[in-house]
Each structure stands twice: as C-alpha cells, then as structure tokens.
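# A closer look at the structure
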Amino acid sequence: MIDDTPALHIKGRILLGPGAVSGGRAEWEVRDELWVTGGRITFERPRRLREITTVTGWALPGLVDAHCHVGLDAHGAVDRITAERQALTDRDAGALLLRDAGSPADTRWIDDREDLPRLIRAGRHIARTRRYIRNYAEEIEPGELAATVREQARRGDGWVKLVGDWIDRGAGDLAPCWPAGALREAIAAAHEEGARVTAHCFAEDSLRDLVAAGIDCVEHATGLTEETIPLFAERGVAIVPTLVNIATFPRLADGGQAKFPRWADHMRRLHARRHDTVRAAYDAGIPVFAGTDAGGSLGHGLIAQEVAELRAAGLPVHDALGAASWRARQWLGRPGLTEGAPADLVVYGEDPRADPAVLARPRRVVLRGRVVA
C-alpha cells in the first residue's frame, strides 16, 4: 500500500551538533540526509511514498531566540495582527522556538497556529512599583513577590521573569529592586511550582543576592564581574546576554545624560565591556544562550545578528551556533534533529560553521514538517 502523505527529503549536510573534542577542536556529528514524514524526523528512508520533495543544503535544528517578547512593543501589549507579524518575522528568520521573556499580552492563541513558532512563556514581568517600563509588568511590593511569582508560574510555561534591577530615580542610577529575603522566598515558591526563574539585570549589585536565592538564569548580565562570575559558574546559572539590545546602551545614555548623568555613565561603561564580560563568563563555564530582546524597542528576526555578536565576544563557532540551536533546545527541554522529533529545522545554502552570517539567509524553513518559508 502506498502512503499518500507528502514527505520531505533533506539532503546535504545535517548538522546534529558537535560531538567529541579532538585536538582542541569539536568534531561535528553530521548526517548526509534525513526524511520528514507525518511532521517528524526519521533517518531511515520511508517506503512506498507517493510524493517526496527534496531540499538540499546544510540543515540545523530550528533556531532558538531565548529572550524575546511576542505581543509587546515599546508601549505595552499589541493586538493580534501585530503579534502575528512579530512571530512570522521570527519564523522567517529561522527562529522556530521562542522563549517569551515576559509579555502582558495573551498569546495562547499562537499555540493553535501550525504556521507560527513554538512559544515558551514566562508570564508577565514582575517589577517593583514604578521601577520599570510603563504597561509592561505586574508592579508590586516585596511582600507580594512570592504570591505573584506563584501566580505567574501557573500562567507561564515553566518560567517566571523578575525585574532584578532598574533605575532608582532617587539615586539617579541602576539599583536592585528586591531585598534578599523576598527573593529567596519567591524563587523557592517558583521551584515548588515546577518553574524556573530568570531576572532582568543590567547592573552589578543585584547579582549576588539573586544567585544566593537560587536564580536559574539572568538576562543581559552586563554587570557580571570577576567576583560574581565564579558564583554563576559554581551554581550553573545561565545567562542570555542579548547583545543586540546592549548595543543600544550608548543611545539610551545620551538620551538620559541631562537628567541622570550617573546612570548614563554607568550604561556606557557596561556597554564598553560587554564583549569582555560575555567572554569571561563563557571561559568560566557559565552557560550562554542567544536571545535578542525583540519586541520592546527592537524589531523581531534578529537571531542571526545575535549569533554574530556572540562570535564577536569570542565564543567559538560551535558554541555560538549551539547557543541558538541544539544547546538552547536542550536547555529548554525541546529536541533537536533526532529520530522521531518534530521536524523543526532550517536549511541553508552554505555552511554556517564556516560563516555564521549564513544564518541570515535561510534557504528553507521547515516547521512541524512543512516548508513555511
């Protein structure tokens, strides 16, 4: 009997990820071909198929933007048409798995769309009252933190997002938002709910308390120093540097110079050492993942630029690529290119290991087993 299900044949170089290290270099695990039937991957040629479409090139697992915001713009929640456009822009750039690191919009409807990327939500940002961007966060005081974290953990997909520091207008500079005791209680509450916790942090002073409280990840992490990097490494706390967003710091500093000169100078210093900070974190063994912070003031579809920034910071090509593909998928509990896995992959006309700029030029994007771009 002939199976009428259309099948895809991906032929060329299937990059499953780096395997053993030999002579100081990663030896890549590579296959010559794979097939997609019923929306899933197989490395065994299917029999009795009526229709097979062949795509040639270099294939990677669907890319991961581990910090973006679908349903959000600079002013707050957006309508469905705008959120759809954001998700499609990420999809067409090859980002098929998005960790949505805080949004006031209800985006559950995206889960029902076969043509849109898969989302892992962190619920809504949790911020101190009047200490974050207007219309973004659930704004509370420390005594409410643990209860609010529980609520957001139940709304999200295994993550909760705190605003760890922001400008304190009285001090005129970045400052921590939460006392240590409130953080310990809140992060423990999230873990009891089965959720991991991440935190927005630009500055230095909030990091030690967050690590001591059991934080799982820190976004941006521009304030890492030689004192806190060992703490992150010891506890296995991951970072998502969002370097394409950190590139905006000088412009932000210029805009706030007259009113908050201390803050402006601080932002410029954090920007100046951004690449050194990420490289020092990587060298210490801290897990580093790729995220763009798209959806606030930045547009979507920037994952290739973020990988280029990680390379500029000194990450080897296999780890810069892995930060946006197989390693990120493993960290988020989603499969890569494995037998029986959902067929979410991107095919390129050139080898991204030789030039990661190739990521900006996908030949084909395959989502849930269908060519969508």
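Scope of this entry: the structure provided in the associated data block. (Residues numbered from 1 in each chain as written. Predicted model: local features only at pLDDT ≥ 70, side-chain atom pairs only at ≥ 80, totals over all residues. Heavy atoms only, no water.)

What follows covers the packing of helix α2 (residues 145–155) against helix α3 (residues 180–192). One can describe the packing of α2 onto α3 by two numbers: an axis separation of 8 Å at closest approach and a directional angle of 25°. With respect to α3, the axis of α2 lies roughly parallel. With respect to the hand of their crossing, α2 and α3 are arranged in right-handed fashion. On α3, the residues that touch Leu-145, Ala-146, Val-149 and Arg-150 of α2 are Ala-182, Leu-183, Glu-185, Ala-186, Ala-189, Ala-190 and Glu-192. (Axes fitted to C-alpha atoms, helices over the stretch in contact; angles between N-to-C directions. Helix = DSSP H or I, 4+ residues; strand = E, 2+ residues; numbered from the N terminus. Parallel < 35°, antiparallel > 145°, perpendicular 65-115°, else oblique. Left-handed = near helix turned anticlockwise from the far one by under 90°. Contact = heavy atoms within 4.5 Å.)

This brings us to the pattern of salt bridges. Scanning all chains against the criterion turns up 24 salt bridges. Arg-113 is the partner of Glu-84 in a salt bridge, and the nearest nitrogen-oxygen pair spans 2.7 Å. Highlighted residues: Glu-84 in helix α1 (residues 80–92) and Arg-113 in the loop between β8 (95–100) and β9 (118–121), separated in sequence by 29 residues. Judged by relative accessible area, Glu-84 falls into the partly exposed class, the value being 24%. In this structure, the salt-bridge partner of Asp-111 is Arg-108, at a minimum N-O distance of 3.6 Å. (Salt bridge = Lys/Arg side-chain N within 4 Å of Asp/Glu carboxyl O. Buried < 20%, exposed > 50% of the residue type's maximum accessible area, 1.4 Å probe, protein only.)

Relative to strand β14 (residues 173–176), strand β13 (residues 165–168) runs antiparallel, the two sharing 4 bridges. Bridging across to β14, Asp-165 finds its partner in Pro-176. Adjacent in sequence and paired antiparallel, β13 and β14 are bridged by 4 residues, among which Gly-172 carries a positive phi angle near 75°. (Pairing = 2+ DSSP bridges.)

Attention shifts here to the side chain of Asp-216. Within the secondary structure layout, Asp-216 lies in the loop between α4 (207–213) and β16 (217–220). Although Asp-216 lies buried, it forms no salt bridge, and the closest oppositely charged side chain, Arg-196, sits 5.9 Å away as judged by the N-O distance. At 2.8 Å, the side chain of Asp-216 and the backbone nitrogen of Val-197 are in polar contact. (Lys, Arg positive; Asp, Glu negative; His and termini not counted. Polar contact = N/O pair within 3.5 Å; in protein donor to acceptor, adjacent residues only side chain to side chain.)

Remark: helix α7 (residues 249–256) packs on helix α8 (residues 261–272), axes separated minimally by 8 Å, with the N-to-C direction vectors making an angle of 170°. By the angle between their axes, α7 is roughly antiparallel relative to α8. Taken together, the residues of α8 that come into contact with α7 (itself represented by Phe-249, Pro-250, Leu-252, Ala-253, Asp-254 and Gly-256) are Pro-261, Trp-263, Ala-264, Met-267, Arg-268, Leu-270 and His-271. Residue composition of the contact of α7 with α8, grouped by class: 9 nonpolar, 2 polar and 2 charged. (Nonpolar A, V, L, I, M, F, W, Y, C, P; charged D, E, K, R; others polar.)

We now examine the packing of aromatic side chains. Overall, the coordinates contain 7 aromatic pairs when judged by the stated rule. An angle of 75° between the planes, with centres 4.8 Å apart, marks the rings of Tyr-132 and Trp-166 as edge-to-face. Taken together, the residues Tyr-132 in the loop between β10 (126–128) and β11 (138–140) and Trp-166 in strand β13 connect sequence positions 34 residues apart. Judged by relative accessible area, Tyr-132 falls into the buried class, the value being 12%. For Trp-166, a relative accessible area of 18% gives the class buried. Pairing Phe-202 with Phe-249 gives two aromatic rings, centres 4.8 Å apart and planes at 75°, and the pair type is edge-to-face. Pair noted here: Phe-202 is in the loop between β15 (196–201) and α4 and Phe-249 is in helix α7, with a separation of 47 residues, a long-range link. Side by side, Phe-202 and Phe-249 carry an identical accessibility label, which is buried. Taken together, the ring pairs in this structure connect Tyr-132, Tyr-136, Trp-166, Phe-202 and Phe-249 into an aromatic cluster. (Phe/Tyr/Trp six-rings, centres within 6.5 Å; stacked < 30°, edge-to-face > 60°.)

With that settled, the discussion passes to the environment of Pro-352. Inspection of the secondary structure assignment puts Pro-352 in the loop between β18 (345–348) and β19 (362–367). Of the residues examined, Pro-352 reaches a relative accessible area of 0% and is grouped as buried. When the C-alpha atoms of Pro-352 and Leu-8 are compared, they prove to be 22 Å apart, with 344 residues separating the residues in sequence. Pro-352 has contacts with Leu-15, Trp-58, Leu-60, Val-317, Leu-321, Val-358 and Leu-359, leaving out every residue within four places of it along the chain.

To continue, consider α8. With 12 residues, α8 should cover 16 Å at 1.5 Å per step; its first-to-last C-alpha distance of 17 Å lies within 8% of that length. Where α8 is buried, its residues contact β13, β14, α6 (243–246), α7 and α9 (274–283). (Expected span 1.5 Å × (residues − 1).)

This part is about the sheet that holds strand β5 (residues 63–68). Read from one edge to the other, the open sheet built from 3 strands follows the order β5-β8-β9, with strand pairing classed as parallel. The open sheet is flanked by β5 and β9, the only strands paired with a single partner. Strand-to-strand, the axes of this sheet are offset by a mean angle of 20°, without reference to chain direction. Two elements, β5 and β8, share 4 bridges in a ladder whose sense is parallel. Each residue of the ladder has a partner; that of Asp-65, found in β8, is Leu-98.

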